[in-house]
Amino acid sequence: GKCAERLTSSTPAKEVHALLRTNFAATLPRNPAPGSGRFTLNQIYSLIFEVPKGVMPESFDAAFVENEATLRWLSSNTGKLQQKAEHEVWTALSSPAFGKQ
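Residues numbered from 1 in each chain as written. Predicted model: local features only at pLDDT ≥ 70, side-chain atom pairs only at ≥ 80, totals over all residues. Heavy atoms only, no water.

J.: What should I look at first to understand the overall build of the protein chain in this one?
T.: The number of helices and strands found in the protein chain is 4 helices and 6 strands. Listed by position from the N terminus, the elements making up the protein chain come as α-α-β-β-β-β-β-α-β-α. Burial status across the protein chain gives 19% buried among its 101 residues. On the protein chain, roughly 7800 Å² of surface is accessible, and the fraction owed to carbon and sulfur atoms is 57%. (Helix = DSSP H or I, 4+ residues; strand = E, 2+ residues; numbered from the N terminus. Buried < 20%, exposed > 50% of the residue type's maximum accessible area, 1.4 Å probe, protein only. Areas by Shrake-Rupley, 256 points an atom, 1.4 Å probe, with all protein chains shown as cover.)

J.: Sorry if this is basic, but what is going on with the environment of tyrosine 45 here?
T.: If you trace the backbone, tyrosine 45 turns up in the loop between β2 (39–41) and β3 (46–52). Accessibility expressed as a relative area gives 47% for tyrosine 45, which makes it partly exposed. Counting along the chain gives 54 residues from tyrosine 45 to glycine 99, while the straight-line C-alpha distance between them is 5.7 Å. Filtering out sequence-adjacent residues up to four positions away, tyrosine 45 remains in contact with Ala92, Leu93, Ser94, Phe98, Gly99 and Gln101. (Contact = heavy atoms within 4.5 Å.)

J.: Where do I start with the sheet that holds strand β4 (residues 62–64) in this structure?
T.: Pairing between the strands of a sheet comes from backbone hydrogen bonds, and it takes one of two forms, parallel or antiparallel. Strands sit in the order β3-β6-β5-β4 across an open sheet of 4 strands; the sheet is antiparallel. A single partner strand is all that each edge strand has here, and the edge strands are β3 and β4. When the angles between neighbouring strand axes are averaged without regard to direction, this sheet yields 20°. (Pairing = 2+ DSSP bridges. Axes fitted to C-alpha atoms, helices over the stretch in contact; angles between N-to-C directions.)

J.: What exactly am I supposed to notice about the packing of aromatic side chains here?
T.: We describe a pair of aromatic rings using the distance from one ring centre to the other and the angle between the two ring planes. As enumerated under the stated definition, the model contains 3 aromatic pairs in all. Ring plane angle 65° and centroid distance 5.7 Å describe the contact between tyrosine 45 and phenylalanine 98, whose orientation is recorded as edge-to-face. Highlighted residues: tyrosine 45 in the loop between β2 and β3 and phenylalanine 98 in helix α4 (residues 96–100), separated in sequence by 53 residues. A relative accessible area of 30% means that phenylalanine 98 is categorised as partly exposed. Ring geometry for phenylalanine 60 versus tryptophan 90: centroids 5.8 Å apart, planes at 70°, classification edge-to-face. Taken together, the residues phenylalanine 60 in the loop between β3 and β4 and tryptophan 90 in strand β6 (residues 87–94) connect sequence positions 30 residues apart. (Phe/Tyr/Trp six-rings, centres within 6.5 Å; stacked < 30°, edge-to-face > 60°.)

J.: So what exactly am I meant to see when it comes to the nonpolar core here?
T.: Across soluble globular proteins, nonpolar side chains have a tendency to be buried as a group. Among the nonpolar cores identified, the biggest contains 5 residues, and these are Val51, Met56, Leu74, Trp90 and Ala92. Apart from residues lying up to four places away in sequence, tryptophan 90 is in contact with Leu47, Ile48, Phe49, Val51, Met56, Pro57, Phe60, Asp61, Leu74, Ser75, Ser76 and Asn77. (Core = buried A, V, L, I, M, F, W, Y, C linked by side-chain atoms within 4.5 Å.)

J.: Whenever I open this one, the environment of threonine 91 confuses me. Can you help?
T.: Tracing the backbone shows threonine 91 in strand β6. According to the relative accessible area criterion, threonine 91 is buried, its value standing at 12%. Apart from the residues within four sequence positions on either side, threonine 91 is in contact with Leu47, Ile48, Trp73, Leu74, Ser75 and Asn77. At 2.8 Å, the side chain of threonine 91 forms a polar contact with the side chain of asparagine 77. (Polar contact = N/O pair within 3.5 Å; in protein donor to acceptor, adjacent residues only side chain to side chain.)

Here's what the structure looks like:
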């Protein structure tokens, strides 16, 4: 991302530098020019938390969160481990707008 672009900006490997051009924003550009050579990165927070088994619904393993300004993704890590435990481990990802604050 930003560090790779900065480190390669003065190197003779111009082709490598061109691949690492970045734009940092909470949203994608509306009308990027074809071949503009930039990708968009945004900041998000990630939170891993543990709760007693049964606190979170068993009806889903993961979900995109809509109509919420701060939260975009929620997923269970417990299902991946396929272990019987008294607790569950979940991951929450913020929205880019919240991460930019």
